[in-house]
Amino acid sequence: MGGLRETEKKIRHNIMTSSLKSMAALLNEWLWQEQYWLPPGISWQDIKMKDEDGRFPLPRDLLITLPLAFVFIALRYVFERIIAIPFSKCLGVKDRIRIQAPSIPKLDAFYKHISGQPSQSQVVSLGRQCGLSQRKIHTWFRHRRNQDRPSNTKKFCEASWRFVFYIVSFAAGLGSLINTAWFWDHRECWRGYPKQPVADAHYWYYILELSFYLSLLLSVSVDVKRKDFKEQVVHHIATIFLIGFSYCANYVRVGTLVMLVHDSSDFLLESAKMFHYAVWTRTCDSLFVIFAVVFLVTRLVVFPSRIVHTTMVVSLEFFQPFFGYYFFNVLLLVLQALHIFWAYLILRMVYKFVFTGKVERDERSDEESEVDEREEEEEPEGQEDEHNCEQRKETINPKLTSLANNCVLNNLTNQRNLNSRLRKAR
């Protein structure tokens, strides 16, 4: 009996293994169909290159990006503690002292599992359960939210890490591209496509850039949640798909230009944030103005007029459109839509800067979405009125008491004067 059971297990295991292999083979065959990745009339055999011809991009090259993403996360952890935190102290970054909310089990459970912003009816219910006034419930939740807000040091460390990567990536990318033909003439991006060798410098430019954005996506849950949190996630996902697909389809030449355009302004934004957290107002404002000019020129002028035009129009002179052509251009248009959204926020800041003389807030991405920047200093609307009423009562009551006392004294004084006059008259 035991032998029969073992035989049955082996048969089932072999059947499952063979079915999984057949499904993987079908998926692999469907995914790598030539019509998805190559122009019409070109097969995978046509683009095979010999070793002496150079490196040809293969999908398996991207497998290294996932372990490299974890390497970036580890490097960031070390960088923030060894370099960023001491550097923040040198620049004078200071953290606010936050009031700790007392431990109340029912309120803690509500905050963690339901919401950090209770409605008025929920506040009333919680007040009855805990035996606290509505004002104390509002105050507790405000202090509890403030506890979870990231400190200026944490935000400075995050900005400094991105600044270092973006400036190194931009410098390395510019150095590897400035002597290439397609950097000056964008038609060279498509000449000889898709049989175009990839230089080692451009290969590593792609791999490291993709690994970095993967690390940002993996750590998005612990990073500072900003006003444009959702747009940032969409941007990271679109960028990862764009870099990965363009590498597999050998859109490497135009892909390097896309990455260079984005890196050209990102390091300026991160440096402005660093000085903002250090309260170097003039330096921050100057860097912000430079960033705004570079961003608006590169994202709203250079990107659509040069790169998007090259991929959508110029490329059709060299091959007929196929699935990869449409997919790549859709991703570029998604990025362009995000550029327009961020440009709107930046122009709002420029407007405030021109008319007020300073940048009050980072409209683009330096404001937490869930907690107001001034929440620690201001009361909620309902609370503020209640608190003001109590203060007025406390102020009015002593005045009324003083007035009443004065009236009594005046009456006594008048009575004495009257009595003295009567005595003199008698």
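Reading the values: rules and limits
- Residues numbered from 1 in each chain as written.
- Predicted model: local features only at pLDDT ≥ 70, side-chain atom pairs only at ≥ 80, totals over all residues.
- Heavy atoms only, no water.
- UniProt positions renumbered as here; feature names shortened; annotations may be inferred.
- Helix = DSSP H or I, 4+ residues; strand = E, 2+ residues; numbered from the N terminus.
- Contact = heavy atoms within 4.5 Å.
- Areas by Shrake-Rupley, 256 points an atom, 1.4 Å probe, with all protein chains shown as cover.
- Buried < 20%, exposed > 50% of the residue type's maximum accessible area, 1.4 Å probe, protein only.
- Phe/Tyr/Trp six-rings, centres within 6.5 Å; stacked < 30°, edge-to-face > 60°.
- Core = buried A, V, L, I, M, F, W, Y, C linked by side-chain atoms within 4.5 Å.
- Patch = residues over 30% accessible without salt bridge, like charges linked within 9 Å, V, L, I, M, F, W, Y side chains within 5 Å.
- Salt bridge = Lys/Arg side-chain N within 4 Å of Asp/Glu carboxyl O.

- With an unreviewed UniProt entry as reference, the protein is termed Ceramide synthase 4a, source organism Ilyodon furcidens.
- For the record of the protein, the UniProt heading Catalytic activity (unreviewed entry) holds the text "sphinganine + octadecanoyl-CoA = N-(octadecanoyl)-sphinganine + CoA + H(+)".

Observations regarding the overall build of the protein
Now for step 1: If you tally the helices and strands in the protein, you get 14 helices and 0 strands.
Now for step 2: Listing the helices and strands of the protein from first to last along the sequence gives α-α-α-α-α-α-α-α-α-α-α-α-α-α.
Now for step 3: Considering only contacts in the protein between residues 6 or more positions apart, those separated by 24 or more positions represent 82%.
Now for step 4: Summed over its atoms, the accessible surface of the protein is roughly 24700 Å², and 61% of this surface lies on carbon and sulfur atoms.

Here's the deal with the environment of Ala69
Now for step 1: Relative to the helices and strands, Ala69 is located in helix H3 (residues 65-91).
Now for step 2: On the basis of relative accessible area, Ala69 is assigned to the buried category, the value being 0%.
Now for step 3: Sequence separation of Ala69 and Ser219 is 150 residues, and the distance between their C-alpha atoms is 10.0 Å.

Some details on the UniProt feature "transmembrane region" (unreviewed entry) in the protein
Now for step 1: As annotated in UniProt, the feature "transmembrane region" (unreviewed entry) corresponds to residues 62-79, 163-183, 203-221, 274-302 and 323-345 in the numbering used here.
Now for step 2: Between the first and last C-alpha atoms of residues 62-79 the distance is 25 Å; the span itself is 83% helix and 0% strand.
Now for step 3: Spanning residues 203-221, this segment combines 84% helix with 0% strand, and its end C-alpha atoms are found 29 Å apart.

Some remarks on the packing of aromatic side chains
Now for step 1: Within the structure shown, the criterion is met by 30 aromatic pairs.
Now for step 2: Relative to Trp184, the ring of Phe183 has its centre 4.9 Å away and its plane inclined at 85°; by these criteria the two rings are edge-to-face.
Now for step 3: By relative accessible area, which is 59% here, Trp184 ends up exposed.
Now for step 4: Aromatic pair Tyr325 and Tyr326: ring centres 5.1 Å apart, planes at 75°, arrangement edge-to-face.
Now for step 5: Exposure remark for Tyr325: the relative accessible area of 8% places this residue in the buried category.
Now for step 6: By the ring-pair criterion, three or more aromatic residues cluster together here, those being Phe72, Phe79, Trp161, Phe165, Tyr166, Phe212 and Tyr213.

Re the nonpolar core
Now for step 1: Membership of the largest hydrophobic core comes to 68 residues, with the highest contact counts inside it found for Trp190 and Tyr251.
Now for step 2: Put simply, the parts of the chain that give this core at least two residues each are H3, helix H7 (152-177), helix H8 (181-184), helix H9 (200-218), helix H10 (229-248), helix H11 (252-277), helix H12 (281-312) and helix H13 (323-356).
Now for step 3: Examining the composition of this core, we find that 11 residues originate from one element, H13, more than from any other.

Let's talk about a nonpolar patch on the surface
Now for step 1: A surface patch of nonpolar side chains, about 460 Å² in accessible area, is lined by Val289, Val293, Val297, Leu300, Val301 and Ile340.
Now for step 2: Top element by residues in the nonpolar patch is H12. It accounts for 5 residues.
Now for step 3: Along the chain, the position of Val289 falls in helix H12.
Now for step 4: The class of Val289 is partly exposed, set by a relative accessible area of 34%.

As for the pattern of salt bridges
Now for step 1: In total, this model carries 8 salt bridges according to the counting rule given.
Now for step 2: Arg76 is the salt-bridge partner of Glu158, the closest N and O atoms lying 3.8 Å from each other. One end of the pair, Glu158, is in helix H7; the other, Arg76, is in helix H3, with 82 residues separating them in the sequence.
Now for step 3: Relative accessible area serves as the criterion here: at 2%, Glu158 is assigned to the buried category.
Now for step 4: By relative accessible area, Arg76 is classed as buried at 11%.
Now for step 5: Shared partners join several salt bridges into a network, and the residues in it are Arg76, Glu80, Arg81, Glu158 and Arg162.

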